[in-house]
Amino acid sequence: MDLHILPLEKFKPRINDESELTFGKQFTDRMFVMSYKAGQGWHDARVQPYQPFSLDPAAMVLHYAQEIFEGLKAFRRPDGQIALFRPIDNFRRFNHSARRMCMPEVDEDFMLHALKELIRLESDWVPRSEGTSLYIRPAMIASEPMLGVRPAEEYLCYIIVCPVGAYYKGGLAPVKIWISDHYVRAADGGTGEVKTGGNYAASLYAAREAAEKGYDQVLWLDAKERKYVEEVGSMNLCFVCDGKLVTSPLHGTILDGITRRSVLELARYNGLAVEERALSVDEIFAGVEDGSITEAFGTGTAVVISPVGQFTYQDRTVVIGDGKTTGKVTQELYDTLTGIQYGHLPDPHGWVDLL
Ligand SMILES: *Cc1c(COP(=O)(O)O)cnc(C)c1O
């Protein structure tokens, strides 16, 4: 398929002071879009000016939430080059999500090619200061206007990009996590491992309750026994337990995070034992209290690694360390991963894809 580059007539004002960058509010001048129709397949792939879509009010995504997305980043390196981090893994996961949601698959290599073209055109938007990056949001929506419940026959697939500020302005800062004993995120057989908007819509109520109680994030437990740790908001969760890295296994209810995968690979590479196994709330509380669990952290593209300072479940709270200091393993993994992403460290795993 050909990729058409449409002319751009107007440039948007830029944020010159990179310390003022936020997350996901200011998008660049251009976007990638392609259309799909049953019988015709994907067509009309183009990089065009960033602009609103015109959607029929009956567009199926607006009613039945047939939607998927991805999230990845481009990093500016010291020599000025731009690097993507494991981008093909994102497009593979995009297709995994598409299959589960009865949406058409995309050509992964073409998507990567289109993304690189978009970023080349928008390269001035990739920020330069420490900790900043260009956040990339591929998405697919069902655009067919029809109120019957069945997979749509028309879709839009698009990529928008936005410069984002450093997540941690003054070094890593541990978060407070509320463990939900009432709400669940995903049950066996559901869509927990799919990156789809509906999972997020369903999570907002508990997240708001947690925020009102002064917590940063919700930790979800398994839907069946309400005992085992699943994941946090938009992060997978890891524990340092008896000197090993322990995280929940992938069995369909949690997202197969690329940051999670990278952290596990880094740990193994550095000789740290890794266990993917069910971990109960009781085990976390007992482990933190008896000192066998020394660190906990979340992993996800937006934050990279987010240390956890405390967990609260019902009326009990455990504090990890002093609740304010980032653990040694957490800090090392963060430094290594970001070092590879920004090009300060070598990339022995072949994760970096230069533009
Ligand atoms: C995207 C996401 C993650 C993190 O995945 P990464 O590939 O590491 O960014 C974790 N949990 C959920 C629910 C997500 O949507």
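Everything quoted here is computed from the prediction, not taken from an experiment. Every chain's residues receive numbers from 1 upward, in the order its sequence appears when written. Totals for whole chains, interfaces and linings use all residues, but because this is a predicted model, local features are given only for residues with pLDDT of at least 70 and pairs of side-chain atoms are given and counted only at 80 or more. By convention in this description, side-chain values take in all heavy atoms of the structure and omit both hydrogens and water.

### Remarks on the domain arrangement of the protein
For an interface, size is often stated in terms of accessible area lost upon the parts coming together. For the protein, the domain assignment lists domain 1 (4-164) and domain 2 (175-342). Boundaries between domains were set according to an automatic or database domain assignment. Using only C-alpha atoms to locate each centre, domain 1 and domain 2 end up separated by 27 Å. The contact rule is simple, with two residues in contact once any of their heavy atoms fall within 4.5 Å. Every contact between the two is made by 27 residues of domain 1 and, on the other side, 23 residues of domain 2. A quick way to say it: buried area is the sum, across both parts, of accessible area lost when two parts are put together, with a 1.4 Å probe. Roughly 2000 Å² of surface becomes buried between domain 1 and domain 2 when both sides are summed, with 56% attributable to carbon and sulfur atoms. For domain 1, the biggest contributors to the area lost against domain 2 are Phe69, Phe85 and Arg93; these three give 29% of the whole. Here, a salt bridge means any Lys or Arg side-chain nitrogen found within 4 Å of an Asp or Glu carboxyl oxygen. Here domain 1 and domain 2 share two salt bridges between them. Taking the shortest distance from any N to any O, the salt bridge between Arg261 and Asp89 comes out at 2.7 Å. As used in this structure description, the phrase polar contact means that two N or O atoms lie within 3.5 Å; if the pair is within protein, one of them must be able to donate a hydrogen and the other to accept it, and residues adjacent in sequence are counted only when both atoms belong to side chains. On the surface where domain 1 and domain 2 come into contact, there are 15 residue pairs in polar contact (both at pLDDT 80 or more). Per the convention used, a helix needs a DSSP run of H or I reaching at least four residues, while a strand needs a run of E reaching at least two, with both numbered from the N terminus. When contributions to the side of domain 1 that touches domain 2 are tallied by element, the ones reaching two or more residues are β4 (67-69), β5 (72-76), β6 (82-85), α2 (87-100) and β7 (133-142).

### Topic: the site of the ligand
Near is defined per residue: the residue qualifies when any heavy atom it owns lies within 4 Å of the molecule or strand. Near the ligand you find 15 residues, and of these Lys195, Tyr200, Glu231, Thr259 and Thr301 are the closest. A distance of 2.6 Å separates an oxygen atom of the ligand from a polar atom in the side chain of Thr301. The Shrake-Rupley method, run with a 1.4 Å probe, gives the accessible areas here. Residue values count only the displayed protein chains as cover. Against a free-state accessible area of 380 Å², the protein chains account for coverage of 97% of the ligand. Each residue is assigned to one class: nonpolar for Ala, Val, Leu, Ile, Met, Phe, Trp, Tyr, Cys and Pro, charged for Asp, Glu, Lys and Arg, and polar for all the others, Gly among them. A breakdown of the residues in the shell around the ligand according to their chemical character gives four nonpolar, seven polar and four charged.

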